Structure formats: structure tokens, C-alpha cells
Amino acid sequence: MSGGVRLDVVDLRKTYTLGPHEVEVLRGISFSLRAGESLSVLGPSGSGKSTLLHIVGTLDRPTSGRVEIEGDSPHELPEPALAAFRNRRIGFVFQDHHLLPQYSVLENVLLPSWVGREGRSEAALRGRRLLDRVGLSHRLEHRPAELSGGERQRAAVARALLRRPSLLLCDEPTGNLDAASAEAVVSLLYELHQEESSILIVVTHSADVAARSARRIRLVEGVCSAA
Amino acid sequence: MALGAAVCCAVVTGALVVGDSVRGSLRGLALDRLGRIEQAITAERFMPETAAAALGPGAAPVLLLQGSARVPSRGARASGIVLLGVDGRFDALYPVGSPRPFAAMEAAGRTPFPPLALGAAVAADLSASVGEEVVISFPRPAEAPRDSVMGRRGIDDAAAGMRCVVAAIVPDRGAGRFSLSPHQSAPRNAWLRLGDLQRAAGRSGTANLTLLPQGAMSRDGTATPPLTLDRLALTVRPSGSHVLVEADGFVIDPAMESALREAARAEGAAVQAVQTSVAVALRHGARSVPYSTVTAVDPLDGSVPRLLLEDGTEAPALRDDQIVLGLWAAEDLKARRGDTVEMEFFAVQPDGALITRTAAFAVAGIARAEGLGSDRRLTPDYPGIQEARDIAAWDPPFPIDLGRIRPRDEVYWDLHGAAPKAFVSEAAGRRLWASRYGSVTSLRLAPAAGSGAPALAAALEARLASGPAEPFGVRAIDLRSAALRGAEGATDFGGLFLALSSFLIVSAALLAGLLFRLGVERRAPEIGLLRSLGFRLRQVRARFLAEGAILAAAGAAAGVPAGILYARGLLAGLGTLWKGAVGTSALSLHARPPGLALGAAIACLAVLAAMIGALRRLASRDPASLLSGRTKAELFRAPSRAALWMAAVAGAACAVMAWRGTTAGSASPGLLLAAGACGLASSLALFAAWCAAAGRGRPIAPRGSALPAMAARNAAWNPGRSLLTVSVIASACFILAAVAAGGHAEEDGGRAGGSGGFDWLARSDVPLPADPGTASGRELLGLAGEAAGLLARSEVIALRRVPGDDVSCLNLYRPERPALIGVPASLIERGGFRFHSAAAPVDNPWELLKGSPDPGVIPVIGDQNSVLWILHLGLGRDLAVRDETGRDLRLRFVALLQGSVFQSEVLMSEEKLLEHFPSSAGRSVLLIDPPEGAAEQAALLESALSRTGLDIAGTAETIAAFRAVESTYIRTFQALGGLGLLLGTCGLGVVMARNLLERQGELAAMRACGFPRSALKRLVLAEAGVLLAAGALIGCGAGLAASIPRLAGGLAGVQWAPLAVMVGGVLAAGLAAAAAATSGSLRAPLLETLKSER
């Protein structure tokens, strides 16, 4: 997962049709990142930050432009292959942790490994190690409702890293947390990013969080500028 | 939600309208068949036509006989026909526009044979057309009781025939539907002109039925018309100084005797009973006197003829073993006082055959040939004897050896006619000659001092005319009231369809409640806001309930017309697909406002109850969680102790009831169904406990596919909804499985089955005067050759039947006078047939007919289906009926048959039947077990006894006809249950859709983790599958388990195919609903769900 991993975003555009109006959310966004690099995306609400993140994470498709990860263009893949690609290469951390309430913390972390049948034993070991790493080894069998907000987000970080993704995408990961919890989660996130040598993109409103990334860009009305 | 209320209302209203429609239709049919007829007077003994007609203005005399018909040119036969001899007065009882059978016959003009009008049903059976010749057969009215010594018992004496020409086919309406017994199917009537049928029956100028129109009777409906002596078939006439009372049929039966004695006592008259019979021979040593009449009479103080002895003294009261010989006989026998004389006399065997017996008497004296000693009036005017010029010209009903008649006997006949040659005591007469018809041939009444015979006769006539008529076999039936009571129906179809639709109703109510709950859940923040603003819990609930009530009322309003349409559909089903349940297609829609209002009210209440249940838990959550939109706990809770207790208690109840239901010896379906219901409740409680515990179970394993485990965990996550869904599916499957397993096992034809081991059930319109199961009986019936041989090689049980209302499920009307069957000792001893239950633990429940459960109570047996569903009684319960003399009888069910051929009648011992219905002469039901390979020879017997209208049916087919009704109900139930399941499946779809809506974020996160859409679809389908499979397994398991004892006992068989189709359909529909909900949900854009900025 290290060395030659590269993300290229080239002239990315996204337009939504709202009734008779067309709204251009992204207007020619381009950047490249290599393994171990991190990028913070800043900008006001509605500027297209999350849209950019979801397109890069293959959860949404661009109207035009190109996203290449390790030379592959995932948006050209059919849905099943795209899902498998996302499962192997991309990890997500959302503002709302999106942990499944019916599963334990460990099960939530192992969720990405349940897509297929392979490697589930190894994944289980890694899941436990990651939870140990994020300080939740004592909470393995707990339900998300039994955790604090910070703990839930740390579990979400562990889940995002389970498959050793090339690309770790975080959408306001501290948006719902108090300052102390936010600090803990962000520190953990960047540490793990370094340890895993992944590409990290963080969408945030927080200047403090953004400051931790090597590179920062600001989106205003779909246009990218250096922050 | 309004839709749910509408469905609920439509189903309830529809069911009630069906009930109203069946009642309304039956009432319409009943009134149509009666026209303007209000009351009927029936007479066991025929009354003069003129006397009948004088009962009231517009009264119509009718001669009504059971019969059969055949078309000689084609051999077509029809049995079970009611032959009605009528005149224009019958036609006049029906309104203008109604068919007029008599007028139709009159209009036929001159025909080579008497005209006959055939009812449409009979004409269809015979394929007869106007102008065709038809031979009708019917029982020849007996001059003396058929089973008495003086009864004629040859087949030619029992049956009469007549060739007719079909003059008209009478449509099946109005007069065409006339019937004394209520039944929804078209009556099998045929009409003849009154005079023609009277002549053919040898009963000119008489009738046995008088129909009275409205207004002819007193309005209280209880009074019978004044009955003159001729209407009572009595002769009361002064005879010298006394009054002589005789009855048609030559015998005064005990009830009539009792009524006459009471009337005489009231007039201060002394009564002398006279019994005169025929002695085959009087013997003294080697000498004998053939064919003499002997009279049993006791001396009486009063103005009646005296029996004077040779010395001029009056004969003393005789002991039982004493005899007074007439002078003629004493001289003939050379017998003197103190000698022993033997009397050979006839006795009737149980099979109807005559035998002779002998009794010895000591001669107590020799009577002079004067006074009673030469009184010809002591002997009734027996046809074939009294009018004979000499003994050689006798045509008696008993066998006579004319070779034994001597010239001296002819001289006596010439001098004294049928005057008795000997006298015995009244007690001796009763001992020798008494039969169920009685033994008294006449009563002699001595007027009180100061009164004369003419005055006594007049007073007696007046007293009898105003007294009860039933002892004389005359009965007044308020036909109109009986018909309207009967039209209320043996089965409450409204209740039945409510019960059949119960699952549909519950499903609709639950669905409405579920939709309401989901709607309220979406508005949880609103509830939270109201609570946080200070609204009290009660106010919040009231606010939402008011909204729900408005919607429920709107739904109910829409449901009423839908209910009428639903009822129309059900009635169409009852007239076509489910016709087997009602046997008629003449049901029409009768929607009454009270029924519609009740349906709407029930639906509203059901939906409101479901809403209250839905609102109760939600509104009581804390405002903070409601404001945040959280409507349920986000933690698995430990299995509720209450659920576990409920599972344990219901499981124990299930086990106890199953054990009781099995060991009670009856495999009681009700108990077993209750056991199954408890099993269902226990299983559902366990499911609830599993839901609660699922999250505490083992983690999802790291090997194999995780999908099933994920599906199970997800299915258990929302226990309330999951339990509701599983409950709906399980309840439906339970009912369907129980119904599918509630069918009867195939009839095996064995002795312990519903047929009792008899392959044929024969019914004759003319009761057979002798038992065809015995050689002597076959001889009397004139059976010879192949037919006699076939019967000789068969096991035959002949049963007497008292006509009455059909008590089987084939009759929709409420039976008032059930048809009765007398079970002979031979069948009681033989045993057999399958019994549902018995009042006492005996090997052969038939034996219970012999006992007497309580004084004045007659033990009877009925088929469980008829007793339970039509008579609405059960084992040990009493049925009140009246015997033929009007006395009240209590019949107690001491055993219940199961799935037998006897579903139309109630069975009592033949002995008791004859005791209370003594005029029941002959046997009209035969159980026949033919020898191997004789199955095709039924026609042989039918042909040999064609004059009796014998109709042989296979017992298997007879039972199948009864079962067809049950099967139809099962099919109806399955169809309605299927609709309920469909609704339940819709509910499942709604729950799935709602669940998926709530789980958008979860599904989006899973997609973000790399789950392809197909995997998520499989996951959601698997979750639905878990609920469906759990519901189906729990329901079918409990339903089938409830039937295991009956299945193991061979009493039931599972209809696997419809069950599999129904349950398979549910699973498929449920999965389809889940798939549709999933597709919609997965098409939703992920971005909106996952976006951090909202």
C-alpha cells in the first residue's frame, strides 16, 4: 500500500439539476496526492467539500473530469467491481459515525471484511489490534449506544482502516465531538495515517484540524484554491 | 391507515351482510313456498275431505304421500318425491303470478291417464317432458296398522302405483316450492288432482293435510281449530243403552284410549274396553274350532250388554287364565266348565312376520248366545272379513287354511257373523295381543244414571272437539311461524363469516395500527416538542387518537360500500364455488342498515384499539429521545422475564391440553386447537425472547458467509415490529395448517369407520313392511331369485325412520322436528361406526341407547357435526321434541358419531321409537353390506323393490356429500385466510419499507464499506426471509402439532397441497414485497445520507 500509491484528481466537475436550474457544485477541481500525504479541504457550508470527498471515494460520480487511484479509474468500473474496489482501497470516516447499532464494536469494525469470505480470520485479528490501538480493547462487545461520542468515532476510524486502504477519507470527523474528544480522534487519525502510509483527505471546518495536514485547499462555490 | 380501517370495515360489514343475506334469503324462500298459507293440520289417520275443508274459509284439503316416479319408456327413476293431491283450493293459497299446479293439470284436458304436474327438480331428474307417461309409486295407506296382526304386510299391500301423464312442469317458485319441512333446496314435489290420488290410494274422499290461509285461524297462533269426531277419525255412536267408540284402523292406541277415558270420566260414564282378535284355533283335546274371534272384556256395572252364562247368571270377572266359551264353541269342542282349552293365536315377529303362539285357559263357564255373547259389534269391520258372504270368501291379512273350514263354521258365520266364540279377561287380552298400537278395538261407555246414550255421545263429541287433538294423531302446525323461526338458520352465517374472516379482520386492524404507529414514529419529534412544551401525556395521546379516529371513521365510511361489494362476492362464491356449503344458488343480497352500522362500528373500534396499543409505548418515551427522533431503545435488552414466563406457561398449557385432548378418547378438535393456540403463543413468546437475546449471543463467526448471521441479527433488532410481523404470519399459517390438517382421513369403509362397514345405504319412499334381512321378511316382500339371493348373502340392518327435518349441515334452516331413526337391537349388539365421544366409557357406545340416563329421558345418538353445528348441542345435552301424541320428550345425546352416514337424523333405540312413535310402520332405511364383488348389483335390488322407491347410495358417496360441506367451509376459510395473509404480507412490506427508510444511513455506510447493492439486497431479503420463515415455521408447526393426535389416530389427513401453495405463496409474496422495498431504498442517493452538513 505504500510507495507508488497515487491519487490524481483531474478537472473534476459536478453539476446537479434542481428543477429548472442547474447547480455546478464542483468546477474543475484538480490535485494529486501520494502515499503518506495528507490533504485538508476547507470551505463554507455548501461549497462542495463533501461532494468532492464522495466522488473521490467513488460514492458518487463526477459530471466530468477524472479520478485515478494507483492508475485505475474506479468510476469506469461496474457497480459490483466498484464496491469491491471501495472495499479494498478506500476507508471512510463520517461526521456521523454510522456504526450499526445492532452490532458490537468489534463487529462494526469487522464489517468491511464481511463483504466476502476471504481473509476474515486475519481481519478479525487486525480488528482487535486496531481497537487496541484506538484504545477500545475493553469495549469489544459493547454496542455503539454504550460508547461515548469520541469512542464511537474512534471505532469508526478503526473500521475505516481495517482493509489497509490506500485512501482514507474523513468527512468532518470531529464535527459532533467536544474539543477534547476531537483532539484525541484527530491525533489518532493522523498517527494511524502515518503508520499505514495511506493518503488522507480530511474535510473540515476546523482550522486546527486542517493545520495537521501537509496540504490544504479551500473550496468556495466549487472552485479550489490553496488555503 | 384509513385504508386499513376501510379493509377492516369492509370485511366485518361484508361478513355481517352475508349473515343478513342468508337469513333474508331463507326468509324469502320460506315465505315464497308458503304463499298465503298460515297453518297446517296434519292427521295420522285420514280425515274426511269435507271435514278438513270446513276447518276455515279458504282451507285446502291435501292428500300428501311420499313416493317415487319412473318413466317406463326410458327407465328413468326419481325417488324422495312428495306427492300432493290437490284441488283448486290449493292454487288459491298462492298469490297471482305464482305457478298453479291444479289449474295446469285441469288445462291439460282429457288425457289417457290422470294428469300429473311435476316439480322442476323431479322433472329434471326424470328428464321428463309434458305429455310423457310416468308411473308413480307411493305407500298404500293401511286400513289396519301394518305391523299389527290385522295389518297387510305384503309388498302389494304396502305400495300402490299409478300411471299418469305429465301435464305440466311446475317452476321452482311459489306453489312450486311448497313444502312442510324447511329446506333451501328445491322441493321434490309432484301434484295430482285430489280425487285421482284419493282413488289410487284407496282413500276416496279423505285427506291427511289441511292448509289454512292467513285469517282462517285465531291470531294467537296457538289455537287449533275445533275438531269434530270425523276429523279425529273416531266413530262415537249410541248403541242401545250405551255408546260405542271405535277408531279408524281398528285399534284405539293408548294415548287415544287415555284421552277417551278421561273425557268419559268427565261425563260420569263408565268405560268398558273391548279387545277382539282372531284365534287361529280353539282346541280341547282332539277337537278344534278354526278361525274364531275371541273377545277380551271385563264386566262393567252399567248399561252395557252383559255376558250371561248358561244358568242366566252374569259371567264373573275372569282371571288371566280363564275363558268363557260361547255355547256354539263349547258344544263344538265338547268342553265344560273346568276343562282346559288351548287357544292358538297370531303374534307379530320383530321382522314383521306372523307366527302363532298358544295359550291355555281354564273354562270358567259357557255363555249364552245373547247379549254380549252374540254381539257382532264386538268385532270391528275388518276389511276382507266382515263383508264376506261366507268364511271361504274371507280375504284376511293373515294366512288362512281354508281346508280347515268346516260346514259348521259356515253355519256359525251365517248365523252370528264375526261375533266372538269365546271371552277372556281384559288383562289376558292385553297380555296376548297387545302391540305398540294398543290392543283395544272399541270402548263401550255406560252413561251415568239419568243420562242416555245419545246425550252421552253428544257430550263426548263436544268435549273431544275442544280438547287436545294430538292424542288422536291430529296436529296443528303454525307453518308460517315455524318457517320464519327456521329462516333464522341453523348456522349464523354472519358469525360464521366473521369467524372465517377473523384473521382478515385482525390483519387489517393490525395493519392499520402498524401504519398508525409508523406514522406516529415519524412524528416523534412533534410528540417530544409537545411534551417539552408542557402537554400532558394524556393530552398528547388524545390529540393523536382524535386524528386516528377521524381517519378510522373515514376509512370505515369507505369500507361500508366496499363491504357490500365484498358480501356480494362472498354470496357469489356461495352460489358457485362454495355452493356445497349452502346447497342453493338462491341467495340474494340483503344489506340492512343495522348490520352496516355495526360493521363500521366494529371496524372503528378494532382500529382504534390497535392505535391505542401503538401509541401507548411511544408517547410515554422521554421527550429528549423523542425530540431526537429516537423511537426505540438502541440496546438489546435481556430477554423479558414476562416473555419467558409466558412461553413456559403457554407451553405447559399446550402440553396439558394436548394430553387431555388425546387421552379423552375423543381427540377433541376444540381442545387440540386450543392446545395448538397455546403452542403458538408459547412459540411467539420464545421468538420475542430470542429477539431480545439475539444481540447477546455469539459474535458473528469469522468463517463462512456472514450474511445469514447478519440477517438474523438485523431481524431481531426491532423486536416490536418483528414480533408483530411474525405474529401475523404465524397466526395465519397456524389457522391454515390447522384447517389443512382438520380434514378427515379418507373413509376406509371399515366397521369402525363412518359407514360402519356397510357399503350401501338404501332409503325407500314406501316403508318396507317386513325386514329384508330375514328370510321370512324377504318372502313377505315378495323377493325371490337373484335379489333375494343377494340379500341373503349380505349383512342387512333395516331401520325405522320417523320423518322430520334434516338435521345435517345440508339444511340451512333451523330444524324444529328432527327426523328420527330407530336402531334395532341387532345393530346395537353388532356395534361398529366411528364415535367421536360417549357419555360413559364403554366398548360399544350403541349399548348406551338401551339405558335411561334419567327418568323420562330417552338416550339418543347423533352425528357430532349435526349435534354441534346444527342443533347447537353436545354430548350430555338434551333435545326437546314431541312424540306423535303431542307429549314432550327429552332426548339426551349419550354418544356422538363422527363423520357417519347418520348426519340427517337423530338415532334412538327402535324400542323407544316404537313406544313414542307407534305409527312408525315399516322400515325405510337399510344398511347393506353386500358380498364381495356385488358392488354392481345395487340396481338389481332397486329394481326388485322399485315399487317402494328404494334408492341405494354408496355409503362412501353419502359421507362424501356431507364432507363436501365441511370441505367447502375449509376452502372458504382458506380463501379468506389467504386474503388475510395477503394483508399480513402487505404489512410485512410496509414494515420492511419503514425499516429500510430508517436504516438508510446504515445501508449507505455498508455501501461505503464496499458492500455491493446485490449483497445488501440479499441481506434485506434474508432478513425478511428470517421473519417469514419464523412465522411460517411457528404457525405451521403449532397448527400441525395440534392435529398430531388426530393424524396419529387416523381421524384426520393433512391437505398438504393447498397448505404448501398457501404458505409458499405467502413466502413468495413476502419476499417480493421485501425486494420491492429494498430496490426502492437502494436507489436512494447515498450522498444525502452520508453528508456531514445537513
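Only a predicted model underlies this, so the values are computations on that prediction, with no experimental measurement involved.

Explanation requested: the overall build of chain B in the structure shown.
Counting secondary structure elements, chain B contains 35 helices and 28 strands. Looking at the 1094 residues of chain B, the share that counts as buried comes to 57%. For chain B, the proportion of contacts with a sequence separation of at least 24, taken over those separated by at least 6, is 79%. Roughly 41300 Å² of accessible area belongs to chain B as shown, and the carbon and sulfur atoms make up 58% of that amount.

So what exactly am I meant to see when it comes to unusual backbone geometry here?
Generally, phi is negative for residues other than glycine and the peptide bonds are trans, each holding for most cases. All names here are of chain A. Even without being a glycine, Glu172 presents a positive backbone phi close to 50°. Inspection of the secondary structure puts Glu172 in the loop between strand S6 (167-171) and helix H6 (179-196). Residue classification places Glu172 among the buried positions, given a relative accessible area of 6%. The backbone of Ser197 shows a phi angle near 55°, a positive value even though the residue is not glycine. As for its placement among the helices and strands, Ser197 is situated in the loop between H6 and strand S7 (199-203).

Would you mind going over the sheet that holds strand S9 (residues 223-226) of chain A with me for this structure?
The strands making up a sheet associate through backbone hydrogen bonding, with each pair oriented either parallel or antiparallel. Residue and element names in this part refer to chain A. The strand order S5-S6-S7-S3-S8-S9 describes an open sheet built from 6 strands, whose pairing is mixed. Either end of the sheet is taken by a strand with one partner, and the two such strands are strand S5 (90-93) and S9. Taken pair by pair, the neighbouring strands of this sheet meet at an average axis angle of 20°, ignoring direction. When strand S3 (residues 38-42) meets S7, the two strands line up parallel, connected through 4 bridges. Bridge assignment links Ser40 to a residue of S7, and that residue is Val202. Contacts from helix H2 (residues 79-89) reach S5 and S6 within the one sheet, and its direction differs from that of S5 by about 75°.

Help me understand the pattern of salt bridges, please; the structure alone is not making it clear to me.
Where charged atoms of side chains with opposite charge meet at close range, the side chains can pair. All names here are of chain B. If you walk through the whole model with that rule in mind, you get 57 salt bridges over all chains. Of the charged contacts, one joins Glu38 and Arg480 as a salt bridge, the two residues approaching to 3.7 Å between their closest N and O atoms. Of this pair, Glu38 sits in strand S1 (residues 37-48) while Arg480 sits in helix H13 (residues 479-486), and the two are 442 residues apart along the sequence. Judged on exposure class, the residue Glu38 and its partner Arg480 are both buried. For Glu267, the salt bridge is made with Arg463, and the minimal N-O distance between the two is 2.7 Å.

I would appreciate a short explanation of the packing of aromatic side chains in the present structure.
Here a ring pair, both rings aromatic, is described through the centre-centre distance and the interplanar angle of the planes. As enumerated under the stated definition, the model contains 12 aromatic pairs over all chains in all. Their ring planes at 5° and their centres at 5.4 Å tell us that Phe92 of chain A and Phe94 of chain A sit as a pair that is stacked. Here Phe90 of chain B and Tyr94 of chain B contribute two aromatic rings whose centre-to-centre distance is 5.6 Å and whose plane-to-plane angle is 55°, an arrangement assigned as tilted. A relative accessible area of 0% places Phe90 of chain B in the buried class.

Looking at this structure, how should I read the side chain of His193 of chain A?
All names here are of chain A. Tracing the chain through its elements places His193 in helix H6. Only 3.1 Å separates the side chain of His193 from the backbone oxygen of Gly36, close enough to count as a polar contact. Excluding residues that lie within four positions of it along the chain, His193 makes contacts with Gly36, Glu37, Ser38, Ser198, Ile199 and Leu200.

Help me understand the packing of helix H5 (residues 149-161) of chain A against H6 of chain A, please; the structure alone is not making it clear to me.
How two helices sit against one another is set out by the angle between their axes and by the gap between those axes. All names here are of chain A. Remark: H5 packs on H6, axes separated minimally by 9 Å, with the N-to-C direction vectors making an angle of 15°. Between H5 and H6, the interaxial angle falls into the category roughly parallel. Crossing hand, H5 versus H6: right-handed. Judged by residue contacts, Gly150, Gln153, Arg154, Val157 and Leu161 of H5 engage Ser181, Val185, Leu188, Leu189, Leu192 and Glu196 from H6. Residue classes in the contact of H5 with H6 are distributed as 6 nonpolar, 3 polar and 2 charged.

What is the right way to read a positive patch on the surface from this model?
Together, Arg61 of chain A together with Arg1013, Lys1017 and Arg1083 of chain B make up a positively charged patch on the protein surface. Structurally, Arg61 of chain A is set in the loop between helix H1 (49-56) and strand S4 (64-69).

Where do I start with the sheet that holds S4 of chain A in this structure?
Residues and elements named next belong to chain A. Overall, antiparallel pairing links the 3 strands, which are arranged S2-S1-S4 in an open sheet. Each of the sheet's edge strands pairs with one partner strand only, and the pair in question is strand S2 (21-34) and S4. With strand direction ignored, the average angle separating the axes of adjacent strands in the sheet is 20°. When strand S1 (residues 6-18) meets S4, the two strands line up antiparallel, connected through 5 bridges. Each bridged residue has a counterpart across the sheet, and for Val9 the counterpart in S4 is Val67.

Mind showing me how you'd approach the environment of Asp172 of chain B here?
All names here are of chain B. Tracing the backbone shows Asp172 in the loop between strand S6 (159-170) and strand S7 (189-193). Distance in space between the C-alpha atoms of Asp172 and Asn189 is 9.7 Å, their sequence separation being 17 residues. There is a polar contact of 3.0 Å between the side chain of Asp172 and the side chain of Arg177.

About the thresholds
- Residues numbered from 1 in each chain as written.
- Chains lettered and ligands numbered in written order.
- Predicted model: local features only at pLDDT ≥ 70, side-chain atom pairs only at ≥ 80, totals over all residues.
- Heavy atoms only, no water.
- Helix = DSSP H or I, 4+ residues; strand = E, 2+ residues; numbered from the N terminus.
- Buried < 20%, exposed > 50% of the residue type's maximum accessible area, 1.4 Å probe, protein only.
- Contact = heavy atoms within 4.5 Å.
- Areas by Shrake-Rupley, 256 points an atom, 1.4 Å probe, with all protein chains shown as cover.
- Pairing = 2+ DSSP bridges.
- Axes fitted to C-alpha atoms, helices over the stretch in contact; angles between N-to-C directions.
- Salt bridge = Lys/Arg side-chain N within 4 Å of Asp/Glu carboxyl O.
- Phe/Tyr/Trp six-rings, centres within 6.5 Å; stacked < 30°, edge-to-face > 60°.
- Polar contact = N/O pair within 3.5 Å; in protein donor to acceptor, adjacent residues only side chain to side chain.
- Parallel < 35°, antiparallel > 145°, perpendicular 65-115°, else oblique.
- Left-handed = near helix turned anticlockwise from the far one by under 90°.
- Nonpolar A, V, L, I, M, F, W, Y, C, P; charged D, E, K, R; others polar.
- Patch = residues over 30% accessible without salt bridge, like charges linked within 9 Å, V, L, I, M, F, W, Y side chains within 5 Å.
- Lys, Arg positive; Asp, Glu negative; His and termini not counted.
- Charge placed at Lys NZ, Arg CZ, Asp CG, Glu CD.

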